[in-house]
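Breakdown of the fold
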Amino acid sequence: MSVTDKATARHAVRLHITGVVQGVGFRPFVYRVAQRHGVAGWVLNAQDGVHVLAEASDDAIARFVDEVRQSPPPAARVATFDVTPAAIAGLVAFEIRESAAAGAPTVRISPDLALCADCLRELFDPSDRRFKYPYINCTNCGPRYSIVYGLPYDRPRTAMRDWPLCEHCSREYADPADRRFHAQPVACSACGPTMRLLAGDDVVTGTGAIEGAAALLARGAIVAVKGIGGYHLACDAANAGSVAAMRERKYRKERPFALMARNLEVARTLVQLDGNAESALTSIERPIVVAPARRPFEGVAPENSDLGVMLAYTPVHHLLFAAGAPDVLVMTSANRSSEPIAYDDREALSSLAGIADAFLVGERPIARRIDDSVVRVVGDARVVLRRARGLAPEAVGTFPTTTPILALGGDLKNALTLVVGGQAFASQHIGDLDHLSARDAFVATVGDLCAMYEVKPEQLTVVHDLHPGYRSTEFARSLPGRRIGVQHHRAHIASVLAERDAWETRVVGFAFDGTGYGDDGSIWGGEVFIGSLAGGLARVGHLRPAPLPGGDAAARFPVQAAAGFLYDLDDGIDFERPPFSFPKRYADARALVKHRVRTFETTSMGRLFDTVAALTGFTREQSFEGQAAMWLEHLARSSGSVAPYVLPYERDQFDFRPMLASVLADRRVGRAPCEIARAFHFAVANAVAAVADAYNADRIVVSGGVFQNALLVDTLVAMLGPRMWFNVKVPPNDGGLSLGQAACALAELK
Ligand SMILES: [Zn+2]
Ligand SMILES: [Zn+2]
């Protein structure tokens, strides 16, 4: 055989590619690469990923495989890429085959994607057939998870099943050379869903609907806008009257509202953005990015140093801005108080009737509710604070197991994790299970994940928090199969390790938060652990226990926590007088401590932050969870540098008493509250760093709600560098709990 013959001899290979490879334009991409290199064969979506048969000369196959491996479509996330030899079948053309439907689906469904640059151009091109069409999309962009009813991902199993394609759209859908080839949500104004504006008794449809909504926003109205995973309430962020009306009608007193900016230039005027924050803001996930505010917006984020900003990510958002909506909009999840986002049209129209002046309603249904994701940039890491649109249901960890595990998380900021086929899939943020609608969403999401990944409930190992009174624990008891309870703060530390597949790494872990049920039944929240996932995490230290009077209300009223933490220190101080000016609630709570009535022990670091917040001026009720700690951080960030207080660690306990004594003394001699707040933050950071060094572990892990505090985390990063690990893929708050629960349960199963 001559050299030339060898180069042209035909060979065949099979590719098996897994990861986020469906609904992201993978098949047309493979088709186009095959065309380019003269490769025959086929590509198909199966439940275990994308399969390819490629037949050509050796050289052509090598080039083909190389290009498929090196430059997949922008939204694809390849997990594994296997190439195996195959028998030559004598194929002459390359084709896209119909989806096969066999085996368990371990393929990952793509998260929802922001509008791409090509579609954005067409959206504003008067000569394009999708000019101003609010549902424009292609294989590189558009909704995915929010429209999927089942796998594999094909139009009849999506929310687009009721809109048959017109001739033009079907041609694009069927043309492998087209950007819309097999784009399941493809549509145009001739065949697809449309939008309408409901304002009082008026109904406007078509492009007039969006123009009408933009005009209303410009005039200060509150408009409910249907988006990808639910409804938003929108209003002009610069119109203080509109913002105040939104707060009043939504019963949302002070919790920050997210903003949507017309474009990156506008976003730059709102918050301080470095390169990493800008790439987070403009990423295909388009999250809300929390960053230091550059200008105030009355009522948007009261007494907060940060603003949460996102960019337009659906065609509707772009059309609203182009039609004259104000440059910066409040864009907040449409709900009452902290209930889950409204996503069903009828439900939204009735529950938001007293809040929104008008409704911009899209016809395409939403298969499941998904809030906006929230991230904060720490160095070059993108820390997820709320995991939802654009991120869910991507895998967040690899587990060395074939056992399906369902971890149910906690009752606050609930989110689930399903481990199947060795991959940990984290659900979207569900919310607080105190709310009936959140409980409904919780049950629906359990069913959803199990159906999507074809896991039967009786096969599951179910993992729950140790708290016997949690609703999630109660739900676990109702499920068949094996059950494992995991302690709250161990799960926090484990969540960081699971993200990094660090099963053996020996760490010292700091789990600081407000409340979690301890091994001994008391309320923990300032815990130190030593160990590894594989070997177990032993509690070796904690905050000195303090009495906490008055049950659940102690978490809402910082002065009530202060009554417990100050009990040994407050002799002779009249806290009802300046500079403290505590309400009478303090004295009542102190009496409970004195007589040990409705008083429990706690090691909660969150309550220590509340105590210092009370001492520096936050004496009212918190209107949302974590408000006092955020307020204290804001105060600390407004101070110049100061000498830190000392938080000693003796006999395995952080002793807060000397520090609080210093706070009391400083306050009484009139030291600026911002300096006190800053000295406190640095005391906590110093204490963590000192204890971490004393235990001499491979890595230092921090997790728990307290570590949402940017000042604290940034200070620790500066002190400890890459030796310190923190949550990135799942939130440090209870939204990340389920991943850690699953990891602890797996260790127990082994
Ligand atoms: Zn597109
Ligand atoms: Zn069409």
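Definitions and cut-offs
- Residues numbered from 1 in each chain as written.
- Chains lettered and ligands numbered in written order.
- Predicted model: local features only at pLDDT ≥ 70, side-chain atom pairs only at ≥ 80, totals over all residues.
- Heavy atoms only, no water.
- Helix = DSSP H or I, 4+ residues; strand = E, 2+ residues; numbered from the N terminus.
- Rg over C-alpha atoms; globule rule 2.2 N^0.38 Å.
- Buried < 20%, exposed > 50% of the residue type's maximum accessible area, 1.4 Å probe, protein only.
- Areas by Shrake-Rupley, 256 points an atom, 1.4 Å probe, with all protein chains shown as cover.
- Lys, Arg positive; Asp, Glu negative; His and termini not counted.
- Charge placed at Lys NZ, Arg CZ, Asp CG, Glu CD.
- Phe/Tyr/Trp six-rings, centres within 6.5 Å; stacked < 30°, edge-to-face > 60°.
- Lys NZ or Arg CZ within 6 Å of the ring centre and 35° of its normal.
- Donors = N, O, S within 2.8 Å, 3.2 Å for Na, K, Ca; no water.
- Tetrahedral: all angles 85-135°; square planar, octahedral: opposite > 155°, others 65-115°.
- Pairing = 2+ DSSP bridges.
- Axes fitted to C-alpha atoms, helices over the stretch in contact; angles between N-to-C directions.
- Contact = heavy atoms within 4.5 Å.
- Arc of directions from axis to C-beta.
- Polar contact = N/O pair within 3.5 Å; in protein donor to acceptor, adjacent residues only side chain to side chain.
- Salt bridge = Lys/Arg side-chain N within 4 Å of Asp/Glu carboxyl O.
- Core = buried A, V, L, I, M, F, W, Y, C linked by side-chain atoms within 4.5 Å.

1. Section: the overall build of the protein
Summing up its helical and strand segments, the protein has 22 helices and 32 strands in all. Here the C-alpha atoms of the protein give a radius of gyration of 28 Å, agreeing with the 27 Å that 2.2 N^0.38 yields for 750 residues. Taking the principal axes of its C-alpha atoms as reference, the protein extends roughly 95 × 65 × 50 Å. Out of the 750 residues in the protein, the part that is buried amounts to 60%. Counting only carbon and sulfur atoms, one obtains 50% of the accessible surface of the protein, whose full area is about 27700 Å². Averaged over its 79 positive side-chain charges, the protein has a centre that lies 1 Å from the centre of its 83 negative ones.

2. Some points on the packing of aromatic side chains
Here the distance between the centres and the angle between the planes together describe a pair of aromatic rings. For the structure on display, the rule yields 20 aromatic pairs. Geometrically, the ring pair formed by Tyr31 and Phe94 is edge-to-face, given 6.2 Å between the ring centres and 65° between the ring planes. With Tyr31 in helix H2 (residues 26-36) and Phe94 in strand S5 (residues 94-96), this pair connects stretches of sequence that are 63 residues apart. With respect to class, Tyr31 is no different from Phe94; both count as buried. Every member of this aromatic cluster is reached through a ring pair, and the members are Phe510, Phe512, Tyr649, Phe654 and Phe707. The ring of Tyr313 has Arg389 sitting right over it, with the charged end atom 3.4 Å from the ring centre. Across from the ring centre of Phe557, 3.4 Å away, lies the NZ or CZ of Arg585, which sits over that ring.

3. As for the coordination of the zinc ion (ligand 2)
Coordination sphere of the zinc ion (ligand 2), protein contribution only: Cys166 (SG), Cys169 (SG), Cys188 (SG) and Cys191 (SG), at 2.3 Å. In this structure, the zinc ion (ligand 2) is coordinated by four donor atoms arranged in tetrahedral fashion, with angles at the metal of 104 to 116°. As a motif over one chain, the donors of the zinc ion (ligand 2) read C-x2-C-x18-C-x2-C.

4. A word on the coordination of the zinc ion (ligand 1)
Looking at the zinc ion (ligand 1), the protein donor atoms are Cys116 (SG), Cys119 (SG), Cys138 (SG) and Cys141 (SG), and they sit 2.3 to 2.4 Å from it. Because the angles between the four donor atoms bound to the zinc ion (ligand 1) fall within 105 to 117°, the donor set is best described as tetrahedral. All donors of the zinc ion (ligand 1) come from a single chain, and their spacing in sequence reads C-x2-C-x18-C-x2-C. One end of the pair, Cys116, is in the loop between strand S6 (108-109) and helix H4 (117-123); the other, Cys141, is in the loop between H4 and helix H5 (167-174), and 25 residues separate them in sequence. Its relative accessible area of 12% is what places Cys116 among the buried residues. Its relative accessible area of 0% is what places Cys141 among the buried residues.

5. With respect to the sheet that holds strand S14 (residues 328-333)
Here eleven strands make up an open sheet; going across it, the order is S8-S7-S15-S9-S10-S14-S11-S13-S12-S16-S17 and the pairing mixed. Among the strands making up the open sheet, the edge pair consists of strand S8 (202-205) and strand S17 (381-386). Strand-to-strand twist across the sheet, computed as the mean angle between neighbouring axes with direction ignored, equals 30°. Here strand S16 (residues 374-378) pairs with S17 via five bridges, running antiparallel. Its bridge partner being in S17, Arg376 is matched across the sheet by Val383. This element, helix H7 (residues 240-250), spans strand S10 (231-236) and S14 of the sheet and lies at about 145° to S10.

6. Focus on unusual backbone geometry
Going from Ala392 to Pro393, the amide bond is cis rather than trans, its omega being 5°. Structurally, Pro393 is set in the loop between S17 and strand S18 (395-398). A cis amide bond links Pro578 with the next residue in sequence, Pro579, at an omega value of 5°. Positionally, Pro579 belongs in the loop between helix H15 (558-565) and helix H16 (585-594). With a phi angle near 55°, Tyr251 is a residue other than glycine that sits in the positive phi range. For Tyr251, the location among the structural elements is in the loop between H7 and strand S11 (258-261). Positioned with a positive phi, Arg286 is a non-glycine residue whose angle comes to about 45°. Within the secondary structure, Arg286 is located in the loop between helix H9 (275-282) and strand S12 (288-292).

7. Details of the pairing of S11
Each regular strand displays side chains that alternate between the two surfaces of the sheet. Residues Ala258 and Met260 line one face of S11 and the alternating positions Leu259 and Ala261 line the opposite face, and both faces are buried. By the bridge criterion, four bridges tie S11 to strand S13 (residues 306-311) in an arrangement that is parallel. Paired with Met260 across the two strands is Met310, which belongs to S13. Relative to S14, S11 is paired through three bridges, and the arrangement is antiparallel. For Met260, the partnering residue across the bridge sits in S14 and is Leu329.

8. Regarding the side chain of Asn335
By the secondary structure assignment, Asn335 is in the loop between S14 and helix H11 (345-351). Given a relative accessible area of 7%, Asn335 falls into the buried group. Apart from the residues within four sequence positions on either side, Asn335 is in contact with Lys250, Pro340, Ile341, Leu352 and Ile355.

9. Observations regarding H9
Here H9 has its buried residues at Ala277, Glu278, Ala280 and Leu281. Down the axis of H9, the buried set is contained in an arc of 160°. They therefore lie on one face. For H9, the elements touching its buried residues are helix H8 (264-270), S12, S13, S16 and S17. A side-chain oxygen of the first residue of H9 lies 3.1 Å from the backbone nitrogen of Asn276; this N-cap is Asp274.

10. A look at the pairing of strand S21 (residues 423-426)
Side chains Gln423 and Phe425 of S21 all project onto a buried face; the interleaved residues Ala424 and Ala426 project onto the opposite face, where all are buried too. Examined bridge by bridge, S18 and S21 share three bridges and lie antiparallel to one another. In the sheet register, Ala395 faces S21, and the bridge partner there is Phe425. Pairing of strand S20 (residues 417-420) with S21 involves four bridges; the strand directions are antiparallel. The residue bridging Val420 from the neighbouring strand is Gln423, located in S21. What sits between S20 and S21 in their antiparallel hairpin is a turn of two residues, with Gly421 showing a positive phi close to 60°.

11. Notes on the environment of Val597
Secondary-structure assignment places Val597 in the loop between H16 and strand S28 (599-602). With 48 residues separating them in the primary sequence, Val597 and Pro549 have C-alpha atoms 7.5 Å apart.

12. A few points about the side chain of Ser110
Relative to the elements of secondary structure, Ser110 occurs in the loop between S6 and H4. Residues in contact with Ser110, not counting those within four places in the same chain, are Val20, Gln22, Val24, Arg144, Tyr145 and Pro393.

13. Here's the deal with the pattern of salt bridges
For the structure shown, the criterion picks out 37 salt bridges. For Glu527, the salt bridge identified is with Arg539, shortest N-O distance 2.6 Å. Of this pair, Glu527 sits in strand S25 (residues 523-532) while Arg539 sits in strand S26 (residues 536-543), and the two are twelve residues apart along the sequence. On the basis of relative accessible area, Arg539 is assigned to the partly exposed category, the value being 26%. Note that Arg671 and Asp666 form a salt bridge whose closest N and O atoms lie 2.8 Å from each other.

14. Considerations on the nonpolar core
Grouped together as the largest cluster of nonpolar side chains are 112 residues, with contacts concentrated most on Leu320, Leu360, Phe510 and Phe654. A per-element tally of this core places helix H20 (residues 673-695) first, with 13 residues. Judged by nonpolar contacts, the second largest core, of 43 residues, contains Tyr231, Ala237, Ala261 and Ala301.

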